[in-house]
Amino acid sequence: MIAALFAAAIAISASCDVEHPSGKAGCTRVAVDRLKMNQLQTMGTHNSYKMAIPPPEMAIIRARNPHGADTLDYSHEPLTDQLNDGARQLELDFVYDPAGGRYSDPLGPKMAATKTPYDLTPLAKPGMKVMHVPDVDFRSVCPVLVDCFKEIRTWSKAHPDHVPILIIFNLKQDNLKIPGAVSLLPFDAKAMDAVDAEIRSVFKAGELVTPDSVQGKYKTLREAVRAGAWPSLKQARGKIMLAMDEGPDVVAVYRGDRKSLEGRMMFVNIDEASPASGYITLNEPIKEHERIQSAVKAGIIVRTRADADTWEARKNDTAPREAAFSSGANFVSTDYRHPDLRFSRYEARLPDALVARPNPVDVKP
C-alpha cells in the first residue's frame, strides 16, 4: 500500500476505545483523531431490523424446512437500542414498492391461521420496505426504509462524536417459491435512482461519507483509497457511510456507465481491482483471512461476520469471531451482541467491551 496511508498510524494501544479516548498515553483524543476512518475496527449487527418469527409461523417453516428454520431463529432490538449498545454497523434489507401496499398482506400469518400483533399499516406507504423474506420473515423494527434512516440520523445527531457508522443493504428481488407468495419487483435503473433519492430525502449534505467525497480529485475511487484518501477520524466523527452488499450483476445496474461511482450515494461490494473499489464484503473470516488482511492494507473498508445462520451460537464456537477480529476487518457483524441462552453463552463483542479500536492490522502499537 502507498506509504501515505500509513502516515496516520501512531502508537496507540489495542485496548484504546477510539470512540471514548481515555486520556491515557497513546489514547488521547488528539492521538486517535489522527487515524483515518479505515484504520478502525468496530462491530455491528447482521439483519439489524429483524424481529422474531412468531411460534405458530415458525412451526410451519420448521415442519417444511428444519435447517431453514434454524437459520431464521434470531432477532434484534430496535435500532436506537443497538446504537446505544455500541453497534456501529447496521444492515437493512429492502424490497422495491413504488406504489405502496405490495407487501401489506403477507402469507405467513394466513398459513398459520393466527393473529400475532404486528402493525402492517406502514407497508401501505409508497417506498422501500425493510424486511428479510417477504411473506415469511417480514417483521421489522422499522418497516419503512426512510423511517429507519430518520431513526439513525436522530441518534447520530444526538451523539456527534460517534465513530463512522456503516449501513449495508441487500436489495431483495428473488421470488419465494411458495404458492400465493407475492412477486417481488426487480431493481432496475429506475429503482436504483429511487434508492438514492430516499437516501437524499433524509441525510443532508455533509452528513455522509460518499464515494465522491473520498474520490475527490483522483481519477477513480480505487486510486483514492489506495492513496489514503479516507477522511481522518476527526473529520468522520458523526458521519454515516452506506454500502450496497450485492453481487456483480446488481452492482452493475447501480453503477451504470460510471467509471467509479460518480454521483452515487452508496459504496458497492466489488472486487478489489475495480475502479469502483472502496468497500468489500468478505463474510468468511477463516477462509478469507488473508484476503481480508490484504484488502485492509490496500485501504479498502471490509465487513465480515463473526457468526452466521445461528450455528456459532448453537455450538458456542468462537473461532470465526476470533478470526474476524484478527483479520483486521473494519466492521465485524454479529447476531449475538447478547447471548441467546436457548443455545449457549456465545456473544460477539470487541475485547475489553470497546466500541471501536485501532485496527490490529493497520495500526501498530
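Residues numbered from 1 in each chain as written. Predicted model: local features only at pLDDT ≥ 70, side-chain atom pairs only at ≥ 80, totals over all residues. Heavy atoms only, no water.

1. Section: the nonpolar core
Here is the rule: Residues grouped as a nonpolar core are buried Ala, Val, Leu, Ile, Met, Phe, Trp, Tyr and Cys residues, joined through side-chain atoms within 4.5 Å. With a 1.4 Å probe rolled over the protein chains alone, any residue whose accessible area is under 20% of its type maximum counts as buried; one over 50% counts as exposed, and the rest are partly exposed. Only heavy atoms matter for contacts: two residues are in contact if any of them lie within 4.5 Å across the pair.
With 56 residues, the main nonpolar core has Leu92 and Phe169 as its most contacted residues. If near-sequence neighbours (up to four positions away) are discounted, Phe169 is found in contact with Leu92, Asp93, Phe94, Leu145, Phe149, Leu242, Ala243, Met244, Asp245 and Met266. In terms of nonpolar packing, the next biggest core, distinct from the first, is built from 23 residues, Leu282, Ile292, Ala298 and Ile300 among them.

2. As for the pairing of strand S1 (residues 40-45)
Put simply, the test is: Helix numbers and strand numbers start at the N terminus; a helix is a DSSP run of H or I with at least 4 residues, a strand a run of E with at least 2. Any two strands with at least two DSSP bridges between them are considered paired.
With six of its six residues buried, S1 lies for the most part within the structure. Side-chain alternation along S1 places Leu40, Thr42 and Gly44 on one buried face and Gln41, Met43 and Thr45 on a second face that is also buried. In the sheet, S1 pairs with strand S11 (residues 356-358) via three bridges, with the strands oriented antiparallel. Bridge pairing links Thr42 to Ala356 in S11.

3. Observations regarding the sheet that holds strand S8 (residues 279-281)
Formally: Convention adopted: a line fitted to C-alpha atoms gives each axis, helices being fitted over their contacting stretch, and angles between N-to-C directions are expressed from 0 to 180 degrees.
Strand order in the open sheet formed by five strands is S8-S9-S10-S1-S11, and the pairing between neighbours is mixed. With one partner strand each, in any of the chains shown, S8 and S11 form the two edges of the open sheet. In this sheet, adjacent strand axes meet at a mean angle of 20° when their direction is disregarded. Here S8 runs beside strand S9 (residues 301-305); their pairing, made up of three bridges, is parallel. Across the sheet, Thr281 pairs through a bridge with Arg303, a residue of S9. Across the sheet, helix H12 (residues 289-297) is in contact with S8 and S9; its angle to S9 comes to roughly 155°.

4. Some details on unusual backbone geometry
In the Ramachandran plot, Asn47 falls in the positive-phi region, its phi being about 45° despite a non-glycine side chain. Tracing the backbone through its elements, the reader meets Asn47 in the loop between S1 and helix H2 (55-64). Look at Asn47 and you get buried, because its relative accessible area is 2%.

5. Considering the packing of helix H6 (residues 145-158) against helix H7 (residues 189-202)
Which entries qualify depends on this criterion: Each helix crossing is assigned a hand: it is left-handed if the near helix lies turned anticlockwise from the far helix by less than a right angle, otherwise right-handed if that turn is clockwise. Amino acids outside the nonpolar list (Ala, Val, Leu, Ile, Met, Phe, Trp, Tyr, Cys, Pro) and the charged list (Asp, Glu, Lys, Arg) are all regarded as polar, and Gly is one of them.
Running from N to C, H6 and H7 cross one another at 35°; their axes reach a closest spacing of 9 Å. Once H6 is placed against H7, the crossing between them reads as right-handed. Listed contacts from H7 to Leu145, Val146, Phe149, Lys150 and Arg153 of H6 are Glu198, Ile199, Ser201 and Val202. In terms of residue class, the contact of H6 with H7 is made up of five nonpolar, one polar and three charged.

6. With respect to the state of the cysteines
Linking two cysteines covalently via their sulfur atoms produces the bond known as a disulfide. Note the threshold: The rule for a disulfide is simple: a pair of cysteine sulfur atoms within 2.5 Å.
Scanning all chains against the criterion turns up two disulfides. Disulfide partner of Cys16: Cys27, at an S-S distance of 2.2 Å. In this structure, the disulfide formed by Cys16 and Cys27 twists by about 85° around the S-S bond and is classed as right-handed. Of this pair, Cys16 sits in the segment before helix H1 (29-33) while Cys27 sits in the segment before H1, and the two are 11 residues apart along the sequence. The two residues Cys16 and Cys27 agree in class, both being buried. Shown here is the disulfide that connects Cys142 with Cys148, its sulfur atoms set 2.1 Å apart. One quick way to see it: the torsion about the S-S bond of Cys142 and Cys148 is about 105°, and its sign makes the bridge right-handed. Overall, Cys142 belongs to the buried group, its relative accessible area being 4%. With relative accessibility at 0%, the residue Cys148 sits in the buried group.

7. Quick notes on the packing of aromatic side chains
Quick note on the threshold: Any two rings among Phe, Tyr and Trp, with Trp reduced to its six-membered ring, count as a pair given centres within 6.5 Å; such a pair is stacked if its planes are under 30 degrees apart, edge-to-face if over 60, and tilted if neither. The criterion is that NZ of a Lys, or CZ of an Arg, lies within 6 Å of the ring centre and within 35 degrees of the ring normal, and then a charge sits over that ring.
Throughout the structure, instances matching the rule amount to eight aromatic pairs. Here the aromatic rings of Phe94 and Phe187 are separated by 5.7 Å at their centres, their planes lie at 70°, and the arrangement is edge-to-face. With Phe94 in strand S2 (residues 89-95) and Phe187 in the loop between strand S4 (165-171) and H7, the pair connects residues that are 93 residues apart, well separated along the chain. The burial state of Phe94 is the same as that of Phe187; both residues are buried. Seen from their ring centres, Phe149 and Phe169 are 6.0 Å apart, and the 85° between their planes marks the pair as edge-to-face. Of this pair, Phe149 sits in helix H6 while Phe169 sits in strand S4, and the two are 20 residues apart along the sequence. The pair Phe149 / Phe169 is uniform in exposure class, with both members buried. Taken together, the ring pairs connect Phe94, Tyr96, Phe149, Phe169, Phe187 and Phe203 into an aromatic cluster. Lying across the ring of Tyr74, Lys50 places its NZ or CZ 4.8 Å from the centre.

Any link to function would need more than the numbers given here.
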